[in-house]
Amino acid sequence: MSSTPRTTFVYDWHGWVDVAGHGKAWTTGTVIPPVGTPYCRAKALADILKWLADQGATAAHDAIHVSITPADPTSGGC
């Protein structure tokens, strides 16, 4: 039994992004919310868009689809 706090859900996302110098690309990912901190879909989307910008990509808010899913209990990250 682990004493490490775990989240019970994650935000899976996918969508078309614009990659500077390359054009459109399909991308997917998962956001693992911090344990014990208020976190919502809007915050997940903001974090996704910030991460994309850090990677040199951009996307419109409506180009990214975010869904909440149960966390994999066997995953080390959750």
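Everything in this summary refers to the structure shown in the same document. (Residues numbered from 1 in each chain as written. Predicted model: local features only at pLDDT ≥ 70, side-chain atom pairs only at ≥ 80, totals over all residues. Heavy atoms only, no water.)

Moving on, we get to the nonpolar core. Membership of the largest hydrophobic core comes to 13 residues, with the highest contact counts inside it found for Tyr 11, Trp 13, Val 31, Ile 48, Leu 52, Ile 64 and Val 66. Within the residue set of this core, elements represented by two or more residues are β1 (9–19), α1 (41–54) and β4 (64–70). With five residues, the top contributor of residues to this core is α1. With sequence-adjacent residues up to four places away left out, Tyr 11 is seen in contact with Gly 29, Thr 30, Val 31, Pro 33, Tyr 39, Cys 40, Arg 41, Ala 44, Val 66, Ser 67 and Ile 68. (Core = buried A, V, L, I, M, F, W, Y, C linked by side-chain atoms within 4.5 Å. Buried < 20%, exposed > 50% of the residue type's maximum accessible area, 1.4 Å probe, protein only. Helix = DSSP H or I, 4+ residues; strand = E, 2+ residues; numbered from the N terminus. Contact = heavy atoms within 4.5 Å.)

Moving on: the pattern of salt bridges. Under the counting rule described, the total for this entry stands at three salt bridges. Its salt-bridge partner being Asp 47, residue Lys 43 comes within 2.9 Å of it at the nearest N-O pair. One end of the pair, Lys 43, and the other, Asp 47, are both in helix α1, four residues apart, so they sit about a helical turn from each other. We classify Lys 43 as partly exposed; its relative accessible area is 40%. For Asp 47, a relative accessible area of 27% corresponds to the partly exposed category. (Salt bridge = Lys/Arg side-chain N within 4 Å of Asp/Glu carboxyl O.)

In this section: α1. Taking 1.5 Å per residue, 14 residues should reach 20 Å; α1 reaches 20 Å between its end C-alpha atoms and fits that length. For α1, the full list of buried residues reads Ala 44, Leu 45, Ile 48, Leu 49 and Leu 52. For α1, the buried positions fall inside an angular range of 135° around the axis, keeping them on one side. Turned more than 90 degrees from where α1 packs its buried face, Ala 42, Lys 50 and Asp 54 sit exposed. Buried positions along α1 lie against β1, β2 (23–31), β3 (57–58) and β4. Immediately downstream of α1, the backbone of Gly 56 shows phi near 85°, a positive value. (Expected span 1.5 Å × (residues − 1). Arc of directions from axis to C-beta.)

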